[in-house]
Amino acid sequence: MSQLQSNPGLPRPATGPRLDRRLWLAWSLAASLGLTASGARAQSITATKEPAISDITQRTIETNGIRLNIAEKGSGPLVLMCHGFPESSYSWRHQIDALAAAGFHAVAPDMRGCGGSDRPQAIDQYTLFHLVGDMVGLLDALRAPQAVIIGHDTGANVAWQAALMRPDRFRAVAGLSVPFRPRPKLAPTSTMPRTADARFYQLYFQTPGPAEAELERDPREAIRNMLYGASGDAPRGAGTGPDLAMVPNGAGFLRGAPAPAALPAWLTEQDVDIYAAGFRRAGFRGALNWYRNLDRSWEMSAPFDGALVRVPALYIAGDRDMVVSFPGMDQLLANLKRLVPGLRRQLMLPGCGHWTQQERPQEVNAALIDFLRGLP
């Protein structure tokens, strides 16, 4: 790892129980501009309202041929948290403090292509194998022989596959929203829903250009609508809000009524600002490239056909998460214990939508800490 000095002039966001989102935004902008520390030294992010058990730091780590920006706090057994789309390490803001206070070293990277991390240009640099490789390399950079890995949304796929492929490095796994799915017999995009007049949103993401143009037209408005539209607070039914599952032919990803002027209690305008700042800098291409590698990752995963996740596992989702209503998901969840023999708990949160750890931080934190403390 390179040894860049931290910049003493950078703002220091509060990360104690009362998070100062304005300062986190300033720090996120600094990270996206390459102004955070790289290597062993990192700028502290200290609490201004209430004392925290330790300071959060953000720094750049070299791993698997790229640089990842990470947020970290605490000491003890390593817990690695992988975010989904369209998010960043900030999506774990509530968990970083809680896990550090519980005696763990909490680390949340901006995943490849997102936030302050590197954004390789080639689409084929975003396979599951690259992303799992990033996490293995992160453990090496942190000199950690093992970690518990937690993931949400696309990050859950990374977490499940990391536990499947490298159980020697990832001793336990927790998936939020997205459960472990065994390798299918057919390429993923070939079985995604498609009708005469609409297609599944992940099919809309396949062609480079249209999705980027739509989402980058106004990143803040796009993220605000996505966060609200897939939450447990959004009404369900045709014409009642942003429908994020199916995209009509000739239309865009975001449609229907926008998010209301007053956001739900779990989401603030400053939260939206922080996400939007990252995507204004990075664009959406890197994050979307994950979806453009679904079939490529499937082809490369043939050696793992039929393999099961055998490390201790936890699954958490909301009963209003659109993911749990996808075709075939009811059968998958009913058989999850057979696919994940080490599954210790399957928790469904009433009224919670897709953004599990953000919408229900207290319940998620309690479940995670209970799971972590029960590991050998």
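Residues numbered from 1 in each chain as written. Predicted model: local features only at pLDDT ≥ 70, side-chain atom pairs only at ≥ 80, totals over all residues. Heavy atoms only, no water.

### Regarding the overall build of the chain
Here is the rule we go by: To qualify as a helix, a DSSP run of H or I must reach at least 4 residues; to qualify as a strand, a run of E must reach at least 2; elements of each kind are numbered from the N terminus. Only protein chains enter the accessibility calculation, which uses a 1.4 Å probe; a residue is then buried when its area is under 20% of its type maximum, exposed when over 50%, and partly exposed in between.
The helix and strand inventory of the chain stands at 14 helices and 12 strands. Evaluated residue by residue, the chain yields a buried proportion of 60% over its 376 residues.

### Regarding the packing of helix H7 (residues 219-229) against helix H8 (residues 269-282)
What counts here: To obtain an axis, a line is fitted to C-alpha atoms, over the contacting stretch when the element is a helix, and the angle between two such axes runs from 0 to 180 degrees between their N-to-C directions. Here the word oblique covers every angle except those under 35 degrees (roughly parallel), over 145 (roughly antiparallel) and from 65 to 115 (roughly perpendicular). In this scheme, a crossing is called left-handed if the near helix is turned counterclockwise away from the far one by less than a right angle; it is called right-handed if the turn is clockwise. A contact between two residues is defined here by any heavy atoms of the two lying within 4.5 Å. Any residue outside Ala, Val, Leu, Ile, Met, Phe, Trp, Tyr, Cys, Pro, Asp, Glu, Lys and Arg is labelled polar, Gly included; the first ten of those are nonpolar and the last four are charged.
Where H7 contacts H8, the two axes come as close as 9 Å, and the packing angle between them is 125°. As summarised for this structure, H7 and H8 are arranged oblique, according to the angle between their axes. The crossing of H7 and H8 is right-handed. Contact residues: Pro219, Arg220, Ile223, Arg224 and Leu227 in H7; Glu269, Val272, Asp273, Tyr275, Ala276, Phe279 and Arg280 in H8. Residues that form the contact of H7 with H8 fall into these classes: 7 nonpolar, no polar and 5 charged.

### With respect to the packing of aromatic side chains
How we decide: Centre distance within 6.5 Å is the pairing criterion for rings of Phe, Tyr and Trp, where only the six-membered ring of Trp is used; planes under 30 degrees apart are then read as stacked, over 60 as edge-to-face, and the remainder as tilted.
Summed over the entire model, instances satisfying the criterion amount to 15 aromatic pairs. Measuring from centroid to centroid gives 6.4 Å for Phe85 and Phe284, while their planes differ by 70°, and the two rings are edge-to-face. Residue Phe85 is located in the loop between strand S5 (78-82) and helix H2 (93-101), and its partner Phe284 is located in the loop between H8 and helix H9 (285-289); the two are separated by 199 residues in the primary sequence. According to the relative accessible area criterion, Phe85 is buried, its value standing at 7%. Phe284 gets classed as buried once you look at its relative accessible area, which sits at 0%. Between Phe200 and Phe326 the ring centres are 5.2 Å apart and the planes differ by 85°, which places this aromatic pair in the edge-to-face class. Residue Phe200 is found in strand S9 (residues 198-200), and its partner Phe326 is found in the loop between strand S11 (313-318) and helix H11 (329-334); the two are separated by 126 residues along the sequence. Per residue, the accessibility class of Phe200 equals that of Phe326, and both read buried.

### Observations regarding the pattern of salt bridges
Our working definition: Basic side-chain nitrogens of Lys or Arg form a salt bridge, by our definition, when they fall within 4 Å of a carboxyl oxygen of Asp or Glu.
Tallying each qualifying case throughout the model produces 12 salt bridges. Here Arg169 makes a salt bridge to Asp140, at a shortest N to O gap of 2.9 Å. Remark: Asp140 occurs in helix H3 (residues 128-141) and Arg169 occurs in the loop between helix H4 (154-165) and strand S8 (170-176); sequence separation between them is 29 residues. For Asp140, a relative accessible area of 44% corresponds to the partly exposed category. The structure contains a network of salt bridges with shared partners spanning Arg220, Arg224, Glu269 and Asp273.

### Regarding the pairing of S11
Moving residue by residue along a regular strand, the side chains alternate between the two faces of the sheet. Applied cut-off: Two strands form a pair only when DSSP identifies at least two bridges running between them.
Among the 6 residues of S11, 6 are classified as buried, and the element is accordingly described as predominantly covered. Residue alternation in S11 divides its side chains into two sets, Ala313, Tyr315 and Ala317 and Leu314, Ile316 and Gly318, and both sets are buried. Of the strand pairs in this sheet, S8 and S11 are connected by 4 bridges, and their pairing is parallel. Looking at the pairing, Leu176 lines up with Ile316 of S11.

### Section: the environment of Gly250
Its place among the elements puts Gly250 in the loop between strand S10 (246-248) and H8. Note on Gly250: relative accessible area 86%, which makes it exposed. Between the C-alpha atoms of Gly250 and Asp197, which are 53 residues apart in sequence, the distance is 8.9 Å.

### Things to note about the environment of Val132
Mapped onto the fold, Val132 is located in helix H3. Using a relative accessible area of 4% as the deciding quantity, one classes Val132 as buried. Each C-alpha atom of the pair Val132 and Ala162 lies 5.5 Å from the other, and the pair is 30 residues apart in sequence. Residues contacting Val132, with those up to four places away along its chain left out, are Val158, Gln161, Ala162 and Met165.

### Thoughts on H4
Operational definition: In a helix, the anticipated span is given by 1.5 Å times the number of residues less one.
Under the 1.5 Å per step criterion, the end-to-end length of H4 is 17 Å for 12 residues, consistent within 8% with the ideal 16 Å. Of all 12 residues making up H4, 12 are buried, and the element is well covered by its neighbours. Restricting attention to buried positions, one finds in H4 the residues Thr154, Gly155, Ala156, Asn157, Val158, Ala159, Trp160, Gln161, Ala162, Ala163, Leu164 and Met165. Tucked inside the fold, the buried residues of H4 contact S5, H3, strand S7 (147-152), S8 and S11.

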